[in-house]
Amino acid sequence: MQRIVVGLCLVLAVCAAQAQYTSITLTGLVKDKQDKSPLAYVNVVLKNEADSAFVAGAISEEDGRFTITGVAPNRYLVQLSYMGYQSQQQGVFVGSLTDVIELGSIEMAANAQQLGEVEITARQDDVKGGMEKKSFAVENNIAQSGGSILEAMQTLPGVTVQDSKVQLRGNDKVVVLIDGKQTALTGFGNQASLDNIPASAIERIEVINNPSAKYDANGNAGIINIIMKKNKQEGLSGKAGMAVGVGSLWQKKANLPDIRPQYRFTPKVNPSLALNYRKKNFNAFFQGDFIYKQALFKNEFVTRTYDNGDVIKQQMKRNRDTYVGTGKVGFDWNITENDVFNFSALFSAEKILDHGDQPFYDSTLTERRRLWQFLEDELKITTTASATYLHKFKQPGHTIGAGINYTFHREDEKYYFDNIMPLYTGRDAFKLLSNENVIDVSLDYVRPLKYGRIEAGLKYRWRYIPTDMKFYPGLNSPLDTNAGGWAIYTENIPAIYSNYIYENKKIEVELGLRLEYVNVNYKVDPNHNTYKSDGYQYIQPFPNFRFAYKINDKNKLSLFFSRRVDRPNEFDIRVFPKYDDAEIVKVGNPGLRPQYTYSFELGYKTNWKSGYFYSAAFHKLGDGTLTRIRTIVPGSTIVYSVMQNAGRSYNTGLEVMLSQDITKYFTFNLNMTGYHNRINTFSVTNQYPTPTEYTAPMEQIISGNVKLNTFFHLPLKFEIQLSGAYYAPDLIPQGRIGQRFSLDLGLKKTIQKGKGELFLNATDLANTMVIKEELRGNGFNYLSYDYYETQVIRFGYYYKF
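In this text, all values refer to a predicted model and were calculated from it rather than measured experimentally.

Enquirer: How would you summarise the overall build of the chain if you had to cite specific residues and measurements?
Expert: The helix and strand inventory of the chain stands at 3 helices and 45 strands. Relative to the compact-globule value of 28 Å for 801 residues, the chain shows a C-alpha radius of gyration of 29 Å, a close match. With respect to the three principal axes, the spread of C-alpha positions in the chain is 105 × 65 × 45 Å. Sorting the 801 residues of the chain into buried and exposed places 56% on the buried side. A sequence separation of at least 24 residues applies to 69% of the contacts in the chain between residues at least 6 apart. Carbon and sulfur atoms make up 58% of the accessible area of the chain, which totals about 32,600 Å².

Structure (structure tokens):
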């Protein structure tokens, strides 16, 4: 492998065609064939190959360079004429994998000579021509208008959301970016904060199943890139809106006896304002949102059955109040024609108050053994600042850019609970404070070629996360006070990458290589009763490869290969027990190591005037699979959920997408994903609270999901969207999750000459979404049903100016 890596580095064998372009720039140099001097004022004309119709023209400059912009993918003829020289003509096949085509030097002589042919390609649908990325406009998702990014993602093909974690094709190892950057707001692990970012601030969402070497190697399932809105029109412009809603319209399942009521008719309010001012070479922007919402965040009914015959029935109810304020400001400054500077800053404050009840009963619900009532008070503060500089060389598309991004994220959590037992009541509390600091520095270079482009760059990431946990025990406290204290997580990751792309009329080749050095140190309070300081480091190559064969203009086959990694998140190794469930205690594991994954994919796409069909067969092989393992210690009914590296895992499946305009009044898109998940047998030892061995048998299942979106385009600018989603039973750590189904409906009316928009929608219209989980541990079985809030009705108005 090392020899292969060195060889690839020497030839810059790396690639990232990250976008499919529809507006291409053609450029070249015109020279005298005999003395190689540049020829100025040469007339360059671009014509359609099919009918010789004029498309565009240009005149070469003093240095002989000519540039033609705004060229759509197609087949063309380039004609060059100059007094005293023989006219020249060559075929040009313009495609979509690069936005600049460098024709190189074109020599003109007195004698006619046919020049070579330049070739490229294109396509524009949800699935891009290279099939490495899907792009979805958020404004088309009427059924989720007024909702969050996390809710909008649930309707996307191949995407599911489970326990606030985004999954692609049944795999939760997903990296979420905002405008190509990873921050604590989108989550370096759990993406729960995405539920508090309004979808109204988003232009589109990109799903990248096969990332190139330019991206961080972390996240074997792929990348979701959220593109924020930014207006491009001259002068002052903007958008103001207000969305209101109500959820929990009726009760899915009644409470167990003697606890506080569930939230009903929960309000949601989301005002928003976006401003943009553009004048000549300067653009400034502002995006602000405020969210207030109540929700029945969790309403889980659990039956735990132990091998000794003991049965415990319990309910976890969380009534949640959420307050979120988010603001983003920035500017784009074209210092000169060739130099651009961008700056942006974001601030977000999120306040979460959970009022919870968790009763524990015997199997007949006649004897209450315990009642756990709590208030969880959590404040999350996120600040980001980003600056980039881009220099454009005289050759169009030839650029070098540098960037720096800083993120600060504070997690300030206070947890107060009453532990009500038959003979006494204990009042306990714990407080967690975590301050995450992240700095990313990058340098990127791009140079277009006659048949593609090369890219190269480097990136350095530094993360520093000090965490402090304090326990305040009450009477007969269940808290493990010897497992508190402090811990410090430090991460250093320098990386280099190089990309190369080649394309002609029939084939496309992308080669990519990223080389990363990772050094992670986790220092643990020496007084901790179980864990000690730990860490890991590695130098690893992460290649990617794509080969595509264009059968014709409407049919293409693509083959992908990549090697990626999943590094344990800081939360996954955090050594402090988390008591957000009284008898199912979560704790991290500083002994975790990265999971490495090899991915293979074969894709096919065909398109026609009114639609397209896309399919992809995929296979992933993972070593050291990261997952949670639940065990009990002898003599106790408390379940401890600890992160572990499990055995080898496999994910093999097929994804199919069909989009069709039936008439101008009705369109639909259908997505079906089926896969076989398998985890080989493995054995681990949970160290907390005492060493407990667990051996898992081989588990496998055939699962998948189906999503159908239908759109009705009615007279008087009315639009209706009806969306349905079905999720088949699937594997989860030590068990299975049951099937689920939901139906969403949205209506939109455009008013005020296109400047205004009214919408009304409902999620989970039939209120059918219930999460069922079955688990098997060492000496116990676990069956749960979560009847959390999923049905929400929203009404809103947006105005553009």
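Enquirer: Which residues make up the confidence of the model for the chain, and what values do they have?
Expert: Segments scoring low in pLDDT should not have their predicted coordinates read at a detailed level. Looking at the chain as a whole, the pLDDT averages 88, with 92% of positions reaching at least 70. In this model residues 1–19 is a low-confidence stretch, pLDDT under 50, and it forms 55 contacts with partners more than four residues away in sequence or in other chains. Here residues 112–124 is modelled with pLDDT under 50, and outside its nearest four sequence neighbours on either side it reaches 56 contacts, counting other chains as well.

Enquirer: Quick rundown of the packing of aromatic side chains? Include the residues and the values.
Expert: Following the criterion strictly, the structure yields 23 aromatic pairs and no others. Note on Trp-372 and Phe-417: the rings are 3.9 Å apart at their centroids and 15 degrees apart in plane angle, and the pair reads as stacked. Here Trp-372, found in strand 20 (residues 368–392), pairs with Phe-417, found in strand 21 (residues 399–420); they are 45 residues apart in sequence, far enough to count as distant. Residue Trp-372 is classed as buried on the basis of its relative accessible area, which comes to 0%. With a relative accessible area of 2%, Phe-417 lands in the buried category. With centroids separated by 6.2 Å and ring planes inclined at 80 degrees, the aromatic side chains of Phe-471 and Tyr-579 adopt a geometry described as edge-to-face. Residue Phe-471 is found in strand 23 (residues 452–472), and its partner Tyr-579 is found in the loop between helix 3 (570–573) and strand 28 (584–587); the two are separated by 108 residues along the sequence. Of the residues examined, Phe-471 reaches a relative accessible area of 12% and is grouped as buried.

Enquirer: An account of the nonpolar core is needed here, citing residue identities and associated values.
Expert: Counting residues in each nonpolar core, the largest one holds 57 residues, and the members touching the most others are Trp-372, Phe-430, Tyr-522, Tyr-538, Tyr-579 and Tyr-688. The residues contacting Phe-430, other than those within four sequence positions of it, are Glu-413, Lys-414, Tyr-415, Met-469, Lys-470, Phe-471, Tyr-472, Leu-479 and Tyr-579. By size, the runner-up hydrophobic cluster in this structure holds 29 residues, among which are Ile-178, Ile-205, Met-228 and Met-657.

Enquirer: Quick rundown of the sheet that holds strand 7 (residues 100–108)? Include the residues and the values.
Expert: Reading across from one edge, 4-1-7 is the order of the 3 strands in this open sheet, with mixed pairing throughout. One side of each edge strand has no neighbouring strand; the edge strands of this open sheet are strand 4 (65–71) and strand 7. Adjacent strand axes in the sheet meet at a mean angle of 20 degrees when their direction is disregarded. The pairing of strand 1 (residues 24–32) with strand 7 spans 7 bridges and is parallel. For Val-30, the partnering residue across the bridge sits in strand 7 and is Ile-106.

Enquirer: Outline the pattern of salt bridges, supporting the account with residue identities and numerical values.
Expert: Throughout the structure, instances matching the rule amount to 43 salt bridges. For the salt bridge of Asp-216 with Arg-461, the shortest nitrogen-to-oxygen distance reads 3.6 Å. A residue pair is termed long-range when its members are at least 10 positions apart, and Asp-216 in the loop between strand 13 (202–208) and strand 14 (222–228) and Arg-461 in strand 23 qualify at 245 residues. Here Asp-216 falls in the buried class, since its relative accessible area comes to 13%. Judged by its relative accessible area of 5%, Arg-461 falls in the buried class. Of the charged contacts, one joins Glu-455 and Arg-453 as a salt bridge, the two residues approaching to 3.0 Å between their closest N and O atoms.

Enquirer: Lay out unusual backbone geometry in plain terms, naming residues and giving numbers.
Expert: Following Tyr-688, the chain continues to Pro-689 via a peptide bond in cis, the omega torsion being -5 degrees. Examined against the element boundaries, Pro-689 turns out to sit in the loop between strand 35 (682–686) and strand 36 (692–696). Notably, Phe-265 is not glycine yet its phi reads approximately 50 degrees, a positive angle. Structurally, Phe-265 is set in the loop between strand 15 (235–247) and strand 16 (266–279). The phi angle at Asn-476 is positive, at roughly 50 degrees, despite the residue not being glycine. Within the secondary structure, Asn-476 is located in the loop between strand 23 and strand 24 (485–503).

Enquirer: Would you mind going over the side chain of His-409 in detail, with residue names and values included?
Expert: With respect to the helices, strands and loops of the structure, His-409 is situated in strand 21. Overall, the relative accessible area of 12% leaves His-409 in the buried class.

Enquirer: Could you give an account of the sheet that holds strand 12 (residues 174–178), naming the residues involved and the relevant values?
Expert: If you walk across this open sheet you meet the 4 strands as 9-13-14-12, and the pairing is mixed. Looking at which strands have only one partner, the edges of the open sheet turn out to be strand 9 (134–137) and strand 12. Pairwise comparison of adjacent strand axes, ignoring direction, gives a mean angle of 15 degrees for this sheet. As defined by bridge partners, strand 12 adjoins strand 14 across 5 bridges and the pair is classed as parallel. Residue pairing for strand 14: Ile-178 is matched across the bridge by Ile-226.

Enquirer: Lay out the side chain of Gln-644 in plain terms, naming residues and giving numbers.
Expert: Residue placement: Gln-644 occurs in strand 32 (residues 639–645). Taking the relative accessible area as the measure of exposure, Gln-644 reaches 7% and is therefore buried. Here the side chain of Gln-644 touches Asn-589 through a polar contact of 3.5 Å, side chain to side chain. Polar side-chain contacts of Gln-644 include one of 2.7 Å to the side chain of Asn-686. Ignoring any residue separated from it by four or fewer positions in sequence, one finds Gln-644 in contact with Asn-589, Leu-592, Thr-625, Leu-626, Thr-627, Ile-629, Val-684, Thr-685 and Asn-686.

Enquirer: Please provide a residue-by-residue account of the environment of Glu-436, values included.
Expert: In this fold, Glu-436 is placed in strand 22 (residues 425–449). The exposure class assigned to Glu-436 is buried, which follows from its relative accessible area of 8%. Counting along the chain gives 53 residues from Glu-436 to Tyr-489, while the straight-line C-alpha distance between them is 9.1 Å. Engagement of the side chain of Glu-436 in a polar contact is seen with the side chain of Arg-463, the distance being 2.6 Å.

Enquirer: Outline a nonpolar patch on the surface, supporting the account with residue identities and numerical values.
Expert: Nonpolar side chains collect at one region of the surface, where Leu-236, Leu-273, Leu-275, Tyr-277, Phe-286, Val-329 and Phe-801 lie side by side and expose about 570 Å² of accessible area between them. The greatest single-element share of the nonpolar patch, amounting to 3 residues, is contributed by strand 16. Inspection of the secondary structure puts Leu-236 in strand 15. With a relative accessible area of 57%, Leu-236 lands in the exposed category.

Enquirer: Which residues make up the pairing of strand 22, and what values go with them?
Expert: Two elements, strand 21 and strand 22, share 22 bridges in a ladder whose sense is antiparallel. Bridging across to strand 22, Ile-400 finds its partner in Tyr-445. Hairpin connection, strand 21 to strand 22: the antiparallel pair is bridged by 4 residues. Of the pairings in the sheet, the one linking strand 22 to strand 23 comprises 19 bridges and is antiparallel in character. Bridge pairing in strand 23 places Leu-432 opposite Met-469. As consecutive antiparallel partners, strand 22 and strand 23 are separated by 2 residues.

Enquirer: Explain the environment of Thr-266 residue by residue, including any values.
Expert: Tracing the backbone through its elements, the reader meets Thr-266 in strand 16. Residue classification places Thr-266 among the buried residues on the basis of a relative accessible area of 0%. A C-alpha to C-alpha distance of 42 Å links Thr-266 and Tyr-522, two positions 256 residues apart in sequence. Contacts of Thr-266, omitting those with residues within four sequence positions, involve Gly-245, Val-246, Gly-247, Ser-248, Gln-294, Ala-295, Leu-296 and Glu-789.

Procedures and definitions
Residues numbered from 1 in each chain as written. Predicted model: local features only at pLDDT ≥ 70, side-chain atom pairs only at ≥ 80, totals over all residues. Heavy atoms only, no water. Helix = DSSP H or I, 4+ residues; strand = E, 2+ residues; numbered from the N terminus. Rg over C-alpha atoms; globule rule 2.2 N^0.38 Å. Buried < 20%, exposed > 50% of the residue type's maximum accessible area, 1.4 Å probe, protein only. Contact = heavy atoms within 4.5 Å. Areas by Shrake-Rupley, 256 points an atom, 1.4 Å probe, with all protein chains shown as cover. pLDDT = per-residue confidence, 0-100. Phe/Tyr/Trp six-rings, centres within 6.5 Å; stacked < 30°, edge-to-face > 60°. Core = buried A, V, L, I, M, F, W, Y, C linked by side-chain atoms within 4.5 Å. Pairing = 2+ DSSP bridges. Axes fitted to C-alpha atoms, helices over the stretch in contact; angles between N-to-C directions. Salt bridge = Lys/Arg side-chain N within 4 Å of Asp/Glu carboxyl O. Polar contact = N/O pair within 3.5 Å; in protein donor to acceptor, adjacent residues only side chain to side chain. Patch = residues over 30% accessible without salt bridge, like charges linked within 9 Å, V, L, I, M, F, W, Y side chains within 5 Å.

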